[in-house]
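Fold and geometry: a report
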Amino acid sequence: SSGINAEYGEKESDEVVPIKGSPHSFTATPSEGKPSPQNSHVKGLTEKSEIEEPIVFTVVTKNAFNDPVIVGGFPPVIKVQSPSGSVDVPVKDNENGTYEAVFIPTVLGQHEVVVSLFGVPVSPTPFNVEITPIGLDPSQFLATWDVLDGAKASKNPLKIGVQAKDKKGHNVNVGGATLVAKISFGPVDEDVHAEIE
């Protein structure tokens, strides 16, 4: 508890007289007050994450004196710009100066996360997160082929396509994985020339 004691005297040697309403007691908590975007920060963001895996991060607010804010009521605005557009991320007020956000990416590629307080970005945002496939699952790959009716394999090419999929069955439309294919048709001991593009 703190207080203000206001007294009056013309000179230091004079007897001082208390001013009406003095002393006045109050509780001073320097960590209460409006958060400062410059002193607040975001924790829990990583440079890479997998598709459909929740990205959980926390906004920790501090005031202008760089003291932790211990009350809620000042939720940040969080936006994520993904390859498919902009998304507003809901924020949970923990009522203690921290705010939790959960974003579940549904598309692959670069995502920019921007957290702001009073229109000012909070460090380290804007922050880029690369959303990657969960992991290739060859058991879910889908093969397609195309050959003209009545065509003979020896004279016309057979087009074979393979759609890569991740462990959740989502199409993986980014390259880089090595694909080895074994193609068998015709007599068992006959070699078949195949080119994969």
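Model, not experiment: these values are computed from the prediction.

Looking now at the overall build of the protein chain. From N to C terminus, the protein chain includes zero helices and 16 strands. Relative to its 197 residues, the protein chain shows a buried fraction of 24%. When contacts within the protein chain are restricted to residue pairs at least 6 apart in sequence, long-range pairs at least 24 apart make up 57% of them. With an accessible surface of roughly 13600 Å², the protein chain has 52% of that area assigned to carbon and sulfur atoms.

Turning next to the environment of N63. Secondary-structure assignment places N63 in the loop between β7 (55-60) and β8 (77-82). Each C-alpha atom of the pair N63 and P37 lies 8.3 Å from the other, and the pair is 26 residues apart in sequence.

Looking now at the pairing of β8. Residues of β8 alternate between two faces, with I78, V80 and S82 buried on one and V77, K79 and Q81 left unburied on the opposite face. With four bridges connecting them, β8 and strand β9 (residues 85-88) associate as antiparallel partners. The residue bridging K79 from the neighbouring strand is D88, located in β9. In sequence, β8 turns back onto β9 through a hairpin of two residues.

All right, on to unusual backbone geometry then. Cis geometry is adopted by the peptide bond preceding P124, which originates at S123 and carries an omega value of 5°. Position of P124 relative to the elements: it lies in the loop between β13 (120-121) and β14 (127-132). Each neighbour pair has its own omega, and for T125 with P126 the value is 5°, a cis peptide bond. The phi dihedral of E52 falls on the positive side, at around 65°, and the residue is not glycine. Mapped onto the elements of the fold, E52 is located in the loop between β6 (48-50) and β7. Positive phi, close to 55°, is recorded for F118, a residue that is not glycine. The topology assignment puts F118 in the loop between β12 (109-117) and β13.

Topologically, S86 is positioned in strand β9. As a C-alpha pair, S86 and H111 span 25 residues in sequence and 9.4 Å in three-dimensional space. In contact with S86, not counting residues within four places along its chain, are K79, V80 and Q81.

Before going further, it helps to spend a moment on the packing of aromatic side chains. If you walk through the whole model with that rule in mind, you get one aromatic pair. When the ring of F74 is compared with that of F118, the centres are 6.2 Å apart and the planes differ by 70°; the resulting orientation is edge-to-face. Of the two residues, F74 sits in the loop between β7 and β8 while F118 sits in the loop between β12 and β13, which places them 44 residues apart along the sequence. Here the basic side chain of K34 rests over the ring of F118, its NZ or CZ set 4.6 Å away from the ring centre.

Let us look at the sheet that holds strand β11 (residues 98-103). Picture the strands of a sheet paired through backbone hydrogen bonds; they go either parallel or antiparallel. Read from one edge to the other, the open sheet built from four strands follows the order β5-β7-β11-β10, with strand pairing classed as antiparallel. Only two strands of the sheet have a single neighbouring strand rather than two, namely β5 (41-43) and β10 (91-93). Averaged over neighbouring strand pairs, the angle between their axes works out to 25° when direction is ignored. Taken together, the six bridges between β7 and β11 define a ladder with antiparallel strand orientation. Bridge pairing in β11 links F57 to A101.

Counting residues in each nonpolar core, the largest one holds 20 residues, and the members touching the most others are V42, L45, I55, F57, I78, V113 and V115. Mapped by element, the contributors of at least two residues to this core are β7, β8, β11, β12 and β14. Ignoring any residue separated from it by four or fewer positions in sequence, one finds I55 in contact with L45, S49, A101, V102, F103, P105, V129 and I131.

Basis of the calculations
Residues numbered from 1 in each chain as written. Predicted model: local features only at pLDDT ≥ 70, side-chain atom pairs only at ≥ 80, totals over all residues. Heavy atoms only, no water. Helix = DSSP H or I, 4+ residues; strand = E, 2+ residues; numbered from the N terminus. Buried < 20%, exposed > 50% of the residue type's maximum accessible area, 1.4 Å probe, protein only. Contact = heavy atoms within 4.5 Å. Areas by Shrake-Rupley, 256 points an atom, 1.4 Å probe, with all protein chains shown as cover. Pairing = 2+ DSSP bridges. Phe/Tyr/Trp six-rings, centres within 6.5 Å; stacked < 30°, edge-to-face > 60°. Lys NZ or Arg CZ within 6 Å of the ring centre and 35° of its normal. Axes fitted to C-alpha atoms, helices over the stretch in contact; angles between N-to-C directions. Core = buried A, V, L, I, M, F, W, Y, C linked by side-chain atoms within 4.5 Å.

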